[in-house]
Amino acid sequence: MNIGTIKQNDGGIYVGKIATLTIAMTIALREVHSANPKAPKFEVLALSQSRAWVQVGALFELASNSTGEAFLNGKIEDPSLVTPLYVSAFRQDDGSYNVVWSRPTRRRDLASEMAPKADDGLPPLPGADETAGAGTGGEGAEPGLGQSSAEHAFAG
């Protein structure tokens, strides 16, 4: 789902807007200069109500497995957000980026979907194969309990 765009302004700075039902923010990207290959490509800055830039996230450059095309991926975090906003930015022909939102897949949800059903492959419960008349006295009584004398006590 497309939630915003980022364009390069005349000064060469990427500036844009992100909007959802609960969030409306102006953002800017500041390039990260690092020798570490695992460092993000950009820091994400948001314009606060007091008109100050506040760092709220980072975007890492990744490549698509199928096409090899580069895109940006990361998250925006702020104490005012209940959960982080996971975003990806895809470069357009005009040099701008379309920002899309995604919900992360939880590994434990996938594991529970792949898990066997509760009764699959389990041994039968003890006593499940006994006959319905077991335990009523006589020959069907469970071992060690003896025979019931109740049927003779209430003669009618």
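Described in the following lines is the structure provided in the data block. (Residues numbered from 1 in each chain as written. Predicted model: local features only at pLDDT ≥ 70, side-chain atom pairs only at ≥ 80, totals over all residues. Heavy atoms only, no water.)

### Structural notes on the overall build of the protein chain
Stated formally: For the purposes of this entry, the term helix denotes a DSSP run of H or I that reaches at least four residues, the term strand denotes a run of E that reaches at least two, and both are numbered from the N terminus. Three labels apply to residues, based on accessible area from a 1.4 Å probe with only protein chains included: buried if under 20% of the type maximum, exposed if over 50%, partly exposed otherwise in between. Whether two residues are in contact is decided by their heavy atoms, any of which lying within 4.5 Å being enough. Using a 1.4 Å probe, the Shrake-Rupley method yields the accessible areas, and only the shown protein chains count as cover for residues.
Along its length, the protein chain carries two helices and eight strands. For the protein chain, the N- to C-terminal ordering of α and β elements is β-β-β-β-β-β-β-β-α-α. Across the 156 residues that make up the protein chain, the buried fraction comes to 22%. Considering only intrachain contacts with a sequence separation of at least 6, the fraction spanning at least 24 residues in the protein chain is 21%. By element, 53% of the accessible surface of the protein chain is carried by carbon and sulfur atoms, the whole surface being about 12,000 Å².

### Some points on unusual backbone geometry
Phi is mostly negative for residues that are not glycine, and the peptide bonds are mostly trans. Non-glycine residue R51 carries a positive phi angle of around 65°. For R51, the location among the structural elements is in the loop between β4 (42–47) and β5 (53–63). For R51, a relative accessible area of 64% puts it in the exposed group.

### Some thoughts on the packing of aromatic side chains
How we decide: Classification of ring pairs uses Phe, Tyr and Trp, with its six-membered ring standing for Trp, and accepts pairs whose centres are within 6.5 Å; under 30 degrees between planes counts as stacked, over 60 as edge-to-face, and the remaining range as tilted.
Per the counting criterion, the structure on display carries three aromatic pairs. Between Y14 and Y97, the aromatic rings sit 5.6 Å apart at their centres with planes inclined by 70°, giving edge-to-face as the arrangement. Residue Y14 is located in strand β2 (residues 14–19), and its partner Y97 is located in strand β8 (residues 97–101); the two are separated by 83 residues in the primary sequence. Neither Y14 nor Y97 differs from the other in exposure class; each is buried. Here F71 and F90 contribute two aromatic rings whose centre-to-centre distance is 5.2 Å and whose plane-to-plane angle is 25°, an arrangement assigned as stacked. Of this pair, F71 sits in strand β6 (residues 70–76) while F90 is found in strand β7 (residues 85–91), placing the two residues 19 residues apart along the sequence. The exposure class assigned to F71 is buried, which follows from its relative accessible area of 16%. What makes F90 partly exposed here is its relative accessible area of 36%.

### With respect to the pattern of salt bridges
Worth spelling out the cut-off: When a carboxyl oxygen of Asp or Glu lies within 4 Å of a side-chain nitrogen of Lys or Arg, that pair is called a salt bridge.
One pass over the structure, following the stated rule, counts two salt bridges. Between E43 and R30 there is a salt bridge, with its nearest N and O atoms 2.7 Å apart. Taken together, the positions of E43 in strand β4 and R30 in strand β3 (residues 24–31) put the pair 13 residues apart, joining distant regions of the chain. Classification of R30 as partly exposed rests on a relative accessible area of 42%. Measuring nitrogen to oxygen at the nearest pair gives 3.3 Å for the salt bridge that ties E77 to K75. For E77, a relative accessible area of 39% puts it in the partly exposed group.

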